[in-house]
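# Architecture and fold: a report
Letter by letter, the chains look like this.
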Amino acid sequence: MSAKPVDFWLSNVTMNNNILQTGFEFQAWNGPIKVVSILSTVMFPNNAQFPIDASLIYDGPPHSASESYAYAKRSLGQLIQWYRKQHGCNFVSVLPGNFFGAYGDFNPKTAPLVNALIAKMENQREHDISGSLIMMGTGTPLRQVMYARDLANIVIWTLGNYNEDAPLVVAGQEVSIYQLAELVRDQVGFTGCLKFDGDIKYDGPFRRTSDTSSFEKFHPSFKLTLLPTAIKETLEWHRRNKLKQ
């Protein structure tokens, strides 16, 4: 992401612009429609006080590690507000924390956090179950992670129930990268040692903690899948499908 900032900016902004403009033009001929866009916690200011709510997501620059993607998401959030203001469009957004699950990327070099950990440890288990696995960074940063299936259910709920200006901030359980790696190791069955190399340059921001109280107010009955269960189901899918990838 940080190695190709132009690519990330252009790809994301072009996609965002095209989708929202197409939605606007479509409703001009077919009547009102609703568009739900997905933002990201990479938008959050690097020096924010956490947990952070939707009113503060533009209050300072994002972390430099993913700033092109962060600014693309910020531009999407702003574009949604402009369509609502100028054209009265029912365009809304969901702002999730880290999410993972089946049907995603499992390339250890490009996959999101949990999927990458599953792929790395599964490969290590197959080749050297008792050996050591080197992990980049210190393992101390905290991340909120949620199951992609939960996020999909929230998006479906949003289509029928949420019409507010502010992004709907949702997130899963907050754990350290080290704790998350241990949870993945338990499910994979890798018995070797996890060694973090201690290089802080790989850590990114220490926290990106979201205040999810607004979502909890709108949808108090929603229950997130427990992390061990979500990791187990994702691993099972990966094992069934990795030869096809």
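Residues numbered from 1 in each chain as written. Predicted model: local features only at pLDDT ≥ 70, side-chain atom pairs only at ≥ 80, totals over all residues. Heavy atoms only, no water.

Per an unreviewed UniProt entry, the chain carries the name NAD-dependent epimerase/dehydratase domain-containing protein and comes from Rotaria socialis.

Moving on, we get to the overall build of the chain. A count of helical and extended segments in the chain gives seven helices and eight strands. Relative to the 2.2 N^0.38 estimate, which gives 18 Å for 245 residues, the radius of gyration of the chain is 19 Å and therefore close to what a compact globule would have. If you line up the chain on its principal axes, its C-alpha atoms span 60 × 35 × 35 Å. Each of the 245 residues in the chain was classed as buried or not, and the buried ones make up 46%. In the chain, 80% of the contacts between residues at least 6 apart in sequence involve partners at least 24 apart. Taken as two groups, the 23 positive and 22 negative side-chain charges of the chain have centres that lie 3 Å from each other. (Helix = DSSP H or I, 4+ residues; strand = E, 2+ residues; numbered from the N terminus. Rg over C-alpha atoms; globule rule 2.2 N^0.38 Å. Buried < 20%, exposed > 50% of the residue type's maximum accessible area, 1.4 Å probe, protein only. Contact = heavy atoms within 4.5 Å. Lys, Arg positive; Asp, Glu negative; His and termini not counted. Charge placed at Lys NZ, Arg CZ, Asp CG, Glu CD.)

Formed by 25 residues in total, the largest nonpolar core has its most connected members in Phe100, Val114, Met121, Met135 and Val184. Those elements giving two or more residues to this core turn out to be helix 3 (113-127), strand 4 (133-135), strand 5 (142-147), helix 5 (177-188), strand 8 (194-196) and helix 7 (227-241). For Phe100, the contacting residues outside a window of four places in its chain are Val114, Asn115, Val145, Met146, Tyr147, Ala148, Leu227, Ala230, Ile231 and Thr234. Ranked by size, the runner-up nonpolar core spans 18 residues in total, among them Leu39, Ala48, Ala54 and Leu95. (Core = buried A, V, L, I, M, F, W, Y, C linked by side-chain atoms within 4.5 Å.)

Quick look at the side chain of Ser176 now. Following the sequence through the fold, Ser176 ends up in strand 7 (residues 173-176). For Ser176, a relative accessible area of 10% corresponds to the buried category.

Attention now moves to the environment of Thr191. Mapped onto the elements of the fold, Thr191 is located in the loop between helix 5 and strand 8. Classification of Thr191 as exposed rests on a relative accessible area of 57%. For the pair formed by Thr191 and Lys217, sequence separation is 26 residues and the distance between their alpha carbons is 42 Å. In this structure, Thr191 is in contact with Ile129 and Ser130, ignoring residues within four places of it in sequence.

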